[in-house]
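Summary of the model geometry
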Amino acid sequence: MSKFLVEKLQSLSAYVPGEQPRDKKYVKLNTNESPFMPAPAVKSAVEKAAADLQLYPDPDCNAMLDRLSAVYGLAKDQLIVCNGSDEILDFAVLAFSDEKHPVYFPDISYGCYPVFSDKYSVPYVTIPLKDDFSIDVEDYLTQDGTVIIANPNAPTGLALSVDAIEKVVAAKKDRVVIVDEAYVDFGTETCLPLINKYDNILVVRTMSKSSSLAGARLGFAAGSKELISDLYRIKYSTNPYNINRMSAAAGYAVLDSREYVEKNCKAIIETRDYASAELRRLGFEMTDSLANFIFVTHPGFKAEELYLKLKDMGVLVRFFGKKRIENYLRITIGTKEEMDVLISCLKQILEG
Ligand SMILES: *Cc1c(COP(=O)(O)O)cnc(C)c1O
């Protein structure tokens, strides 16, 4: 830290991304990326866009907005595209919360929520998940602040029904409820239909997971046109050209490749079921994850030990070492072949 950093940021502890080591080639099951290449149409669209890099991109990403509008049946002014859904979450914390209106989210959830709150000096309150790691929506009905719920939640993979989330949205008419649907495409019902019914729900989506575009940094949000215009106000006060030409092209090309993406999601779901069954056979216990990862624990082995041994063997998984989940590992669902490597390494470790 330099002596110049302003006081209010001196205690900020930044988000720590999953490790991306380069010392050898790993089976990488630690950051929930897709094991599949982007849709074939992405490459040619990106190459075409790269030929025009002397020009600023369209700041609103109209090509993507047109397709999002058609795919999800929403008006263009109910949608905004940003540089990853992280940027949307950052803008939303800034836009809708302050000292008087804290942010509320579960004690076990996505690590960026507390970081963005701290950065803007917005107080946040964590609400404990139940013992089985599920969210009880009754815990979110009364506070005078913004609610952020990842659905399905990360890193547990557990999902709420749209009815349960609607209960929160309906109870908090004067506050915004942010539903982070990063993993919704792997088997959870979307809250997008609630947007035409309530003006206080913001649904946040990413192209990083199911659309295989983690490297492009693309996310979008859907909400009432007033909520969306608030986010535009912040975008145009931060970085008006926040989506570069190549990413914008990747975004519209992937939205023209729905079948390819859906086929990959189906494969992930099948492989999730396969890997879950195999790990259960090895004595692992796990949540009923509806995401592209599983969240596992073994009664006979420490999660940290498993994580370190797997890393030695060339398999990366995510170990958080955080209270309540210090004995859990989050394992991204890769290809069937990658999961077979994981399973055989775990067999070796467990057999000692
Ligand atoms: C991965 C993830 C994000 C961030 O996605 P980007 O679009 O890559 O910024 C947001 N929320 C949750 C819960 C995630 O797991």
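Attention here is on the structure that accompanies the text.

Calculation criteria
Within every chain, residues take consecutive numbers counted from 1 along the sequence as written. Whole-chain, interface and lining totals are the exception, using all residues; otherwise, since this is a predicted model, local features are given only for residues with pLDDT of at least 70 and side-chain atom pairs are given and counted only at 80 or more. Only heavy atoms go into the side-chain values, all of them from the structure, while hydrogens and water stay out. Paired rings are identified among Phe, Tyr and Trp, the last through its six-membered ring, by centres lying within 6.5 Å, and are further divided according to the angle between planes into stacked (under 30 degrees), edge-to-face (over 60) and tilted (the rest). Helix and strand definitions here come from DSSP, where helices need a minimum of 4 consecutive H or I residues and strands a minimum of 2 consecutive E residues; each element is numbered from the N-terminal end. Each residue is placed in one exposure class: buried if its accessible area under a 1.4 Å probe, protein chains only, is under 20% of its type's maximum, exposed if it is over 50%, and partly exposed if it falls in between. A positively charged side chain is recorded as over a ring if its NZ (Lys) or CZ (Arg) lies within 6 Å of the ring centre. The angle to the ring normal must also be within 35 degrees. The criterion for strand pairing is that DSSP finds at least two bridges linking the strands in question. By definition in these notes, contact holds between two residues if any of their heavy atoms fall within 4.5 Å. Only C-alpha atoms enter the line fits that serve as axes; for helices the fit covers just the stretch in contact. Angles between N-to-C directions range over 0 to 180 degrees. Definitions used for this entry: grid spacing 1 Å over protein atoms alone; cavity, a set of points where a 1.4 Å probe fits but cannot get out; pocket, an open set with protein on both sides within 12 Å along at least 5 of 7 lines; lining residue, one with an atom within 4 Å of a point. Grid points are joined across faces, edges and corners, and a volume is the space filled by probe spheres set on the points. Three categories are distinguished: nonpolar for Ala, Val, Leu, Ile, Met, Phe, Trp, Tyr, Cys and Pro, charged for Asp, Glu, Lys and Arg, and polar for the others, with Gly belonging to the last.

**Overview of the packing of aromatic side chains**
This structure, assessed with the given rule, holds 12 aromatic pairs. The interplanar angle of 25° and the centroid separation of 5.3 Å between the aromatic rings of F105 and Y124 together place this pair among those described as stacked. Placement of F105 in strand β3 (residues 103-106) and of Y124 in strand β4 (residues 124-127) is noted, with a sequence separation of 19 residues between them. Overall, the relative accessible area of 2% leaves F105 in the buried class. The rings of Y15, F105, Y110, Y113 and Y124 are connected pair by pair, giving a single aromatic cluster. Stacked on the ring of Y274, the Lys or Arg K336 has its end atom at 4.5 Å from the ring centre.

**Details of the sheet that holds strand β10 (residues 293-297)**
Taken together, 5 strands build an open sheet; the order of strands is β1-β11-β12-β10-β9 and the sheet is mixed. Looking at which strands have only one partner, the edges of the open sheet turn out to be β1 (27-29) and β9 (285-286). Note that β1 and strand β11 (residues 315-319) share 3 bridges and pair parallel. Within the sheet, the bridge partner assigned to V27 lies in β11 and is V315. The sheet contacts of helix α8 (residues 258-281) involve β9, β10 and β12 (329-332), and relative to β10 the element is tilted by about 10°. Contacting β1, β11 and β12, helix α10 (residues 336-351) runs over the sheet at an angle of about 90° to β1.

**Looking at empty space enclosed by the protein**
In total, this model carries 2 cavities of 30 Å³ or more according to the counting rule given. By volume, the largest cavity amounts to about 70 Å³. Surrounding the largest cavity, Y72, E181, A182, V184, D185, R205, T206, M207, S210, S211, F220 and R258 form its lining. Class assignment of the residues belonging to the lining of the largest cavity gives a composition of 5 nonpolar, 3 polar and 4 charged. Considering the residues around the second largest cavity, the lining is formed by S34, P35, F36, F186, K209, S210, S212, N264, C265, I268 and N292. Residues that form the lining of the second largest cavity fall into these classes: 5 nonpolar, 5 polar and 1 charged.

**Considerations on the sheet that holds strand β7 (residues 201-206)**
The pairing of strands in a sheet happens through backbone hydrogen bonds and is either parallel or antiparallel. Strand order in the open sheet made by the 7 strands is β2-β8-β7-β6-β5-β3-β4, with mixed pairing throughout. The sheet is open, and its two edges are formed by β2 (79-82) and β4, each paired on a single side. Strand after strand, the sheet turns through a mean of 20° between neighbouring axes, direction not considered. Here strand β5 (residues 146-150) runs beside strand β6 (residues 177-180); their pairing, made up of 4 bridges, is parallel.

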